[in-house]
Amino acid sequence: MHLTDTQTAQFDTEGWVFLPELFDPAEIALLNREAHRIFAMDREEVFREKDGTTARTAFAAQNYNEAFRRLGRHPRLLDPVQQLLDGDVYMHQFKINAKAAFNGDVWQWHQDYGTWSRDDAMPEPRAMNIALFLEDVTEFNGALMFIPRSHRAGVLQAGHDVQTTSYPLWTIDAESITRLVDEGGMVSPKGKAGSAMLFHSNLVHASPANISPWDRTIVYLSLCHVDNHIRQFKRPEWMAHRDFTPLQALGDDCLATMEGAAAK
Ligand code: SIN
Ligand code: MN
């Protein structure tokens, strides 16, 4: 799956690209079933919302679930990122965000590279997310909001918010967000389950709470150029991986041909 010149130009200028219906309904049904099974597991990698029960985010499922192991090496996700980062990549982080119906809490305004730089000493923003929708994302169920072009602002000042949600995050203040939105506006890519989006690691983004009756599960592969691996290991290995081996893509049918997909 190769990005066109128009798509790479959009990524450079705007900081994000949307890829509608990249995975088919059977592939998504398998992944979604496995995601909800993982949310029900009692594992340290599964963070809960403040209520202590609703799953918020599950880390590193590619290391303990066969369907997500395959997704983490899927050519439809790896190829465009290798193209944009110009070379081999390793998995810096892998997470499935639940944003559950009624109880899925906000993700405050932030840049992912802000965390990767401050917490993990990743040298440069030569890393990015590719996010895959496992459910339809609509105006009702907590779609992400991007500030286009904000990736050109470099790493912005941020405060470590350990209060707002159950998950500590380096967040950007209201004044900076107002200025960036004055300049770049806001977009909120939405679409069917199976759609994907790529976004620059310095792109400022957030998502509101989900008070709708519809879950909004999204899986994020945070891929980093192998030369740009992290230098500091203060977060758990399952949050900031230390295996810098270049990922080798599997076949395009690696999910379609899978049976069972039982967790190890
Ligand atoms: C994130 O920015 O890391 C998560 C946003 C979301 O899943 O809504
Ligand atoms: Mn983020």
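Residues numbered from 1 in each chain as written. Chains lettered and ligands numbered in written order. Predicted model: local features only at pLDDT ≥ 70, side-chain atom pairs only at ≥ 80, totals over all residues. Heavy atoms only, no water.

## A few points about the environment of P25
Mapped onto the fold, P25 is located in helix 2 (residues 25-39). For P25 and R179, which are 154 residues apart along the polypeptide, the C-alpha to C-alpha distance reads 40 Å. (Helix = DSSP H or I, 4+ residues; strand = E, 2+ residues; numbered from the N terminus.)

## Digging into the pairing of strand 12 (residues 218-225)
By the criterion of burial, strand 12 is predominantly enclosed, with eight of the eight residues buried. Going residue by residue along strand 12, you find I218, Y220, S222 and C224 tucked away on one face and V219, L221, L223 and H225 tucked away on the opposite face as well. Taken together, the eight bridges between strand 4 (residues 89-97) and strand 12 define a ladder with antiparallel strand orientation. Note that in strand 12 the partner of Y90 across the bridge is C224. Here seven bridges tie strand 6 (residues 127-133) to strand 12, and the two strands are oriented antiparallel to one another. The partner of N129 across the bridge, within strand 12, is S222. (Buried < 20%, exposed > 50% of the residue type's maximum accessible area, 1.4 Å probe, protein only. Pairing = 2+ DSSP bridges.)

## Section: the packing of aromatic side chains
By the definition in use, this model includes eleven aromatic pairs. Ring plane angle 70° and centroid distance 5.2 Å describe the contact between F47 and Y167, whose orientation is recorded as edge-to-face. Linking F47 in strand 2 (residues 46-48) with Y167 in the loop between strand 8 (159-161) and strand 9 (169-171), this pair joins segments that are 120 residues apart in sequence. Y167 sits in the buried class, given a relative accessible area of 9%. (Phe/Tyr/Trp six-rings, centres within 6.5 Å; stacked < 30°, edge-to-face > 60°.)

## Brief notes about the pattern of salt bridges
Taken as a whole and judged by the stated rule, the model has eleven salt bridges. R235 serves as the salt-bridge partner of D120, at 2.8 Å between the closest nitrogen and oxygen. Taken together, the residues span a long stretch of sequence, with D120 in helix 5 (residues 112-120) and R235 in the segment after strand 12 at a distance of 115 residues. Its relative accessible area of 10% is what places R235 among the buried residues. Here the residues in one salt-bridge network are E27, R76 and D252, joined through shared partners. (Salt bridge = Lys/Arg side-chain N within 4 Å of Asp/Glu carboxyl O.)

## Points about the environment of Q83
If you trace the backbone, Q83 turns up in helix 4 (residues 75-85). With relative accessibility at 24%, the residue Q83 sits in the partly exposed group. Residues Q83 and H2 lie 81 residues apart in sequence; the distance between their C-alpha atoms is 7.5 Å. Other than its neighbours up to four places away in sequence, Q83 contacts H2, L3 and T8. Within the structure, the side chain of Q83 is placed 2.8 Å from the backbone nitrogen of L3, a separation counted as a polar contact. (Contact = heavy atoms within 4.5 Å. Polar contact = N/O pair within 3.5 Å; in protein donor to acceptor, adjacent residues only side chain to side chain.)

## Digging into the site of ligand 1
Around ligand 1, a shell composed of K95, N97, K99, W107, H110, L144, H205, S207, R216 and Y220 is seen. Separating an oxygen atom of ligand 1 from a side-chain N or O atom of R216 is a distance of 2.8 Å. For ligand 1, the protein covers 98% of the area, taking 260 Å² as the surface of the free molecule. In terms of residue class, the shell around ligand 1 is built from three nonpolar, four polar and three charged. (Near = heavy atom within 4 Å. Areas by Shrake-Rupley, 256 points an atom, 1.4 Å probe, with all protein chains shown as cover. Nonpolar A, V, L, I, M, F, W, Y, C, P; charged D, E, K, R; others polar.)

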